[in-house]
Amino acid sequence: MALIGTRSVKISFGGPPILEDAGFFMDKGERVCLVGRNGSGKSTLLRLLSGLHHPDEGEVVRSKGITIASLDQEVPGQLVGTIREVATPDPSRLHDDLEGPRLAATLDELLDLLGLPGERIFAELSGGLKRRVLLARALAAQADVLLLDEPTNHLDMSTIEQLEGILKSYRGALLFITHDRMFVDRLATRILELDRGRLTDWPGNFRIYQQRKEAALESEAVTNALFDKRLAQEEVWIRQGIKARRTRNEGRVRSLEKMRLERRARRELEGRVRLRAELAERSGKLVAVAEEVSYHYEGALCIQRFSTVIQRGDKVGIIGPNGCGKTTLLNLLLGKLAPTAGVIHLGTNLEVAYFDQLRAGLDEDKTVAETVANGRDMVTVGGQTRHIISYLQDFLFPPARSRSPVRILSGGERNRLLLAKLFLNPANILVMDEPTNDLDSDTLELLEELLAQYAGTLLLVSHDRAFLNNVVTSCLVFEGERGEIREYAGGYDDWLAQRPPPPAPVSELRPASKKAPPKPPPPKKPAGLSFRERRELEQLPARIETLESEQRQLHETMAAPTYYRHPPERLAADQARLTAIEQELAEAYQRWEHLEKLES
């Protein structure tokens, strides 16, 4: 029996419905990732499930007696006490003779994992640390249903990987929202998409979802184009005047009215962000040279004996745990801090644009337009003068939103606002500190494409592993002893392949006893595929190719100008076959991935 879900839910806040006829259910053991554009209503759906919102129509279905724990994007203002007190989901459980010790031990492990000192006062923490405390609280509850909104924000890579392990072994149902594509790929058993108010289920991981979604959008575009063409033909016919009135029939008129209503009700796919970086004059070939640099902060060693050469066009990723000194390293390389020892030589003609993860450059009371243009009406983009409202539409801010105060923006909108402000300033060095937080996958991919093609120099601090893989050409990694930084060619996966192996456990370093030689490991069970599965794996690519070929032929047939002259039975049969092909392709891709995992 399903633990939780929705049935025919509709909710709106004055505009088009955020959810319309939305229905889905989750069973125990499922790990579902909710995806969708920024502002599409993902957080609203999580609040509906947790009971913070109520639908205008339909119902939220919960199994009797289930418990729900959630992590919201916003931090409640009424929480007081120490970190440990706030992170304890139900203090009365600590006094239970059986459950108390287990809960206390679990809470200790979570606070240690997330780097949270239990006795520190919650109100004194930054917004990022407060969300960590609430994440610990949600995990410690060990509820039947866990709802997590951007759980990886403000976590370093090692903590994200440990969180993956915790959630993979979670026994309840998990629904989560995240911008971290590698996190989704490793964790999700199913994708739930919210697009223009509609919920759609996509079995499989994120890569399979992306492939199938692209095919679905192509099919939708073809179908819409055919519908619009037929509607235009009918509009021409109805306007033929006396000649049409002599020959037309009422059934055709009613059909036209129905088509008009259907066209007005259609919700178009939201546009994509248009990113363009303003490039200043080229910097010198050498951007920064560090020679045996060390830096102390309040007597503590942050960076020791660090050397590197950064040249024009380099794209450098900076990796390390929270609090290790990544921002300090950026400030040293930019000349904002003087090293305690060693020397840093800066290149010539450096123009820096800085993306701040703390969003310190945002005034909550200013409007979106005032924030980007500093009160001006016109801005210069690519050598051309544009109105600020027009420029902001490139970042998906409609005119009404452009005149709204910054304080009402969502996390994703704030990041898009920072990008709009950043790319307006000509620069030859981009410094980006955690730019991916809260951005949807479409905007992430566009930002990746822009940075990969950027002709200037990039310094990037990020915990997004896929983003690092796709953008940077080298990595500076805080590892080893305190303040030690090592340089590696390539992105995140390249660093994993090149880094030194971790030290062996003490037990492995001790010489083996002559009296008790180690026992040989038990023989491994033969792995791999059966004959039938191997034959199926060999045949799957050809089957997929055949299905895709048939799909292309159907699309071409349906795009022909005379297609709608065929009988209605033929049109319905073609549409049914197209839907069946999409389902068969999804199952084939899922089976292919499963068999390849068994073979490896």
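Residues numbered from 1 in each chain as written. Predicted model: local features only at pLDDT ≥ 70, side-chain atom pairs only at ≥ 80, totals over all residues. Heavy atoms only, no water.

**Student:** Explanation requested: the overall build of the protein chain in the structure shown.
**Tutor:** Per the secondary structure count, the protein chain includes 20 helices and 20 strands. Relative to its 600 residues, the protein chain shows a buried fraction of 46%. Intrachain contacts of the protein chain at a sequence separation of at least 6 include 68% that bridge at least 24 residues. Roughly 31300 Å² of accessible area belongs to the protein chain as shown, and the carbon and sulfur atoms make up 51% of that amount. (Helix = DSSP H or I, 4+ residues; strand = E, 2+ residues; numbered from the N terminus. Buried < 20%, exposed > 50% of the residue type's maximum accessible area, 1.4 Å probe, protein only. Contact = heavy atoms within 4.5 Å. Areas by Shrake-Rupley, 256 points an atom, 1.4 Å probe, with all protein chains shown as cover.)

**Student:** Would you take a moment to explain the packing of aromatic side chains for this structure?
**Tutor:** Within this structure, the stated rule accounts for five aromatic pairs. Pairwise contacts between aromatic rings join Trp202, Phe206 and Tyr209 into one cluster. In this arrangement the basic side chain of Arg416 is found over the ring face of Phe397, its NZ or CZ atom lying 5.2 Å from the centre. When the ring centre of Trp495 is taken as origin, the NZ or CZ atom of Arg499, which lies over that ring, is 4.9 Å away. (Phe/Tyr/Trp six-rings, centres within 6.5 Å; stacked < 30°, edge-to-face > 60°. Lys NZ or Arg CZ within 6 Å of the ring centre and 35° of its normal.)

**Student:** Explain the sheet that holds strand S13 (residues 341–346) here, please?
**Tutor:** Adjacent strands of a sheet form backbone hydrogen bonds with each other and so pair up, either parallel or antiparallel. The strand order S11-S10-S13 describes an open sheet built from three strands, whose pairing is antiparallel. With one partner strand each, in any of the chains shown, strand S11 (300–311) and S13 form the two edges of the open sheet. Neighbour to neighbour, the strand axes of the sheet diverge by 15° on average, direction disregarded. Here five bridges tie strand S10 (residues 286–297) to S13, and the two strands are oriented antiparallel to one another. (Pairing = 2+ DSSP bridges. Axes fitted to C-alpha atoms, helices over the stretch in contact; angles between N-to-C directions.)

**Student:** How should the nonpolar core be read in this particular structure?
**Tutor:** Nonpolar side chains in soluble globular proteins tend to end up buried together. Among the nonpolar cores identified, the biggest contains 50 residues, and Ile388, Tyr391, Phe423, Leu430, Met432 and Leu447 are the most heavily contacted of them. Grouped together as the second largest cluster of nonpolar side chains are 43 residues, Leu134, Leu167, Tyr170 and Phe176 included. (Core = buried A, V, L, I, M, F, W, Y, C linked by side-chain atoms within 4.5 Å.)

**Student:** Honestly, unusual backbone geometry in this entry has me stumped. Any pointers?
**Tutor:** When glycine is set aside, most residues are seen to have a negative phi, and most peptide bonds are trans. Here Asp21, not a glycine, exhibits a phi torsion of approximately 55°, which is positive. Positionally, Asp21 belongs in strand S2 (residues 19–26). Backbone geometry at Gln142 places phi at a positive 50°, although glycine is not the residue there. Position of Gln142 relative to the elements: it lies in the loop between helix H4 (127–140) and strand S6 (145–149).

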